[in-house]
Structures are given as C-alpha cells and as structure tokens.
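The primary structure of each chain is shown beneath.
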Amino acid sequence: GNVSEYSKEFYIDKKPYSAMLKIVGLGFYSSKINGKLTDKFYYKPLLTDFEVRKGLNNELYDEEKNGKGRKSIIYDLFNVTDKIKLGKNELNVLVGTGWYNNVAKDCVDPSYNYGNPKLYFELTLNYADGETLIVSDKTTLVRNTAHQSNLFGSDKKDFTAKKEDFIACEEVADTS
C-alpha cells in the first residue's frame, strides 16, 4: 500500500527546556523533526492486536468488559529537545500500511484490515512559565509518496512519480 507523508509546521519564539513527542502511527511509521530522526528505531509502534480482546481470564485486559469496546494502542514517547530550534520547525512522519492496514496478503485468516493508516501525535514544549502543545489536527498536512510498503514482500519506490501536493488531513473523532 501507499506510504503517506504527514507534515506539521510550528513556530517558536523561545527555546523550551524540554520537548516531548508522544506519537503513534497505524500501521508502521518513522518520524523526523527538522529533518532529524526522532529516534533510532524503525517499524514502530510495537505490534498491537487490533481485535477487541474479550473473554480473558485477566479482567484488566478484557476490553469488551472494561473498555466498552475501545482498543488500547501502544504509543511512543521521545525526548526531542535537541531537535527543536527557534523560529520555524517541522515534524514529518511517514506512515505505511503495516499490520493495521494489511493490503499485501489477503490469504491470511482472517484478512486483517482495520481501515486507512492513521497518525496521532502530541508535542509538548515545556517552558518555565507553562507549556505549549502541538497536536495532530486538521492543520496537519498529508500526501501520498512514491513509496509502496508491502508487509509480506519488498518495498518499492517509483522514481518517475511527481511529488504530490500536501492537502489537509481528515480529523478522526476522539472515541475515548
């Protein structure tokens, strides 16, 4: 399936004493701030079973009884203080299909596909007099890239493809 690129620009007029990025991409993702990787890991987040867990011996993890059908998804938290600069900053995230949007192999039983890939992030800039929160919302931009990601095969890139323009993201309702 297609790999999407998300982009969020933000401006700061004073340097925060810390900056923490909470992020999850459904399927796999890779993130950068101002062109620098936020971490050294690939193929994030940790694998999550997207089926609702029910009928478990351990009631704490029984999502049907305790989560009202909601799903627990693992997110990553990164200290990105050294990547933030005064003025214009940009967070870029590549999101592939992964296990969340498995379009590569439909012979898996059952065929796993939980919808289009999604991205959620919160970037907290901490200052002595408070904090600023930069979040994924409808001001975040997205475009398809020339990359194809195949969970069960090789990845591909079309070097003849023209870069698409960014468009506004569709905001998904909070179901918490």
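Everything numeric here is computed off the predicted structure, so don't read it as measured data.

## Things to note about the sheet that holds strand 7 (residues 118-127)
- With respect to topology, 4 strands assemble into an open sheet ordered 5-2-7-8, the strand pairing being antiparallel. Both outer strands of the open sheet, strand 5 (76-79) and strand 8 (130-135), are each paired with one neighbouring strand and no more. Each strand of the sheet is rotated relative to its neighbour by a mean of 20 degrees, with strand direction disregarded.
- Where strand 2 (residues 18-26) lies against strand 5, 4 bridges are found, and the strand directions are antiparallel. Within strand 5, the position partnered with Leu 21 by the bridge is Phe 78.

## Section: the nonpolar core
- Among the nonpolar cores identified, the biggest contains 22 residues, and Ile 23, Ile 84, Val 93, Leu 123 and Leu 125 are the most heavily contacted of them.
- Looking at this core, the elements that each hand over two or more residues are strand 1 (2-12), strand 2, strand 3 (29-33), strand 6 (87-95) and strand 7.
- The dominant element in this core, judged by the number of residues it contributes, is strand 7, at 5 residues.
- Once you skip the residues sitting within four places of it in the chain, Ile 84 turns out to touch Phe 10, Ile 12, Lys 15, Pro 16, Ala 19, Ile 33, Asn 34, Asn 89, Leu 123 and Leu 125.

## Remarks on a nonpolar patch on the surface
- There is a patch of nonpolar side chains on the surface, built from Leu 37, Tyr 42 and Tyr 43 and spanning about 370 Å² of accessible area.
- Overall, Leu 37 belongs to the partly exposed group, its relative accessible area being 34%.

## Notes on the pairing of strand 8
- Where strand 7 meets strand 8, 6 bridges bridge the pair, whose relative direction is antiparallel. Pairing of Leu 125 across the sheet is with Thr 132, part of strand 8.
- The turn linking strand 7 back onto strand 8 is made up of 2 residues.

## Some remarks on the pattern of salt bridges
- Applying the stated rule across the entire model yields 6 salt bridges.
- Across the pair Arg 143 and Glu 5 runs a salt bridge whose closest N-O atoms are separated by 3.0 Å. One end of the pair, Arg 143, is in strand 9 (residues 141-148); the other, Glu 5, is in strand 1, and 138 residues separate them in sequence.
- We classify Glu 5 as buried; its relative accessible area is 15%.
- Residues Lys 22 and Glu 122 are paired through a salt bridge, measuring 3.7 Å at the closest nitrogen-oxygen approach. Of this pair, Lys 22 sits in strand 2 while Glu 122 is found in strand 7, placing the two residues 100 residues apart along the sequence.

## Details of the environment of Tyr 75
- Among the structural elements, Tyr 75 can be located in the loop between helix 1 (63-66) and strand 5.
- Through-space distance from the C-alpha of Tyr 75 to that of Lys 44 is 8.7 Å; in sequence the pair is 31 residues apart.
- If we ignore the near neighbours within four places in the chain, the residues touching Tyr 75 are Lys 22, Ile 23 and Val 24.

## So, the side chain of Ser 31
- Within the element layout of this structure, Ser 31 appears in strand 3.
- Within the structure, the side chain of Ser 31 is placed 2.6 Å from the side chain of Thr 38, a separation counted as a polar contact.
- When residues no more than four places from it in sequence are discounted, the contact partners of Ser 31 are Leu 21, Ile 23, Lys 36, Leu 37, Thr 38, Asp 39, Lys 44, Asn 92 and Val 93.

## Some thoughts on the environment of Ser 31
- Residue classification places Ser 31 among the buried positions, given a relative accessible area of 1%.
- Once the C-alpha coordinates of Ser 31 and Ser 7 are considered, the two residues, 24 residues apart in sequence, prove to be 10.0 Å apart.

Rules of the game
- Residues numbered from 1 in each chain as written.
- Predicted model: local features only at pLDDT ≥ 70, side-chain atom pairs only at ≥ 80, totals over all residues.
- Heavy atoms only, no water.
- Pairing = 2+ DSSP bridges.
- Helix = DSSP H or I, 4+ residues; strand = E, 2+ residues; numbered from the N terminus.
- Axes fitted to C-alpha atoms, helices over the stretch in contact; angles between N-to-C directions.
- Core = buried A, V, L, I, M, F, W, Y, C linked by side-chain atoms within 4.5 Å.
- Buried < 20%, exposed > 50% of the residue type's maximum accessible area, 1.4 Å probe, protein only.
- Contact = heavy atoms within 4.5 Å.
- Patch = residues over 30% accessible without salt bridge, like charges linked within 9 Å, V, L, I, M, F, W, Y side chains within 5 Å.
- Areas by Shrake-Rupley, 256 points an atom, 1.4 Å probe, with all protein chains shown as cover.
- Salt bridge = Lys/Arg side-chain N within 4 Å of Asp/Glu carboxyl O.
- Polar contact = N/O pair within 3.5 Å; in protein donor to acceptor, adjacent residues only side chain to side chain.

Limitation: the analysis is restricted to geometry and does not speak to function.
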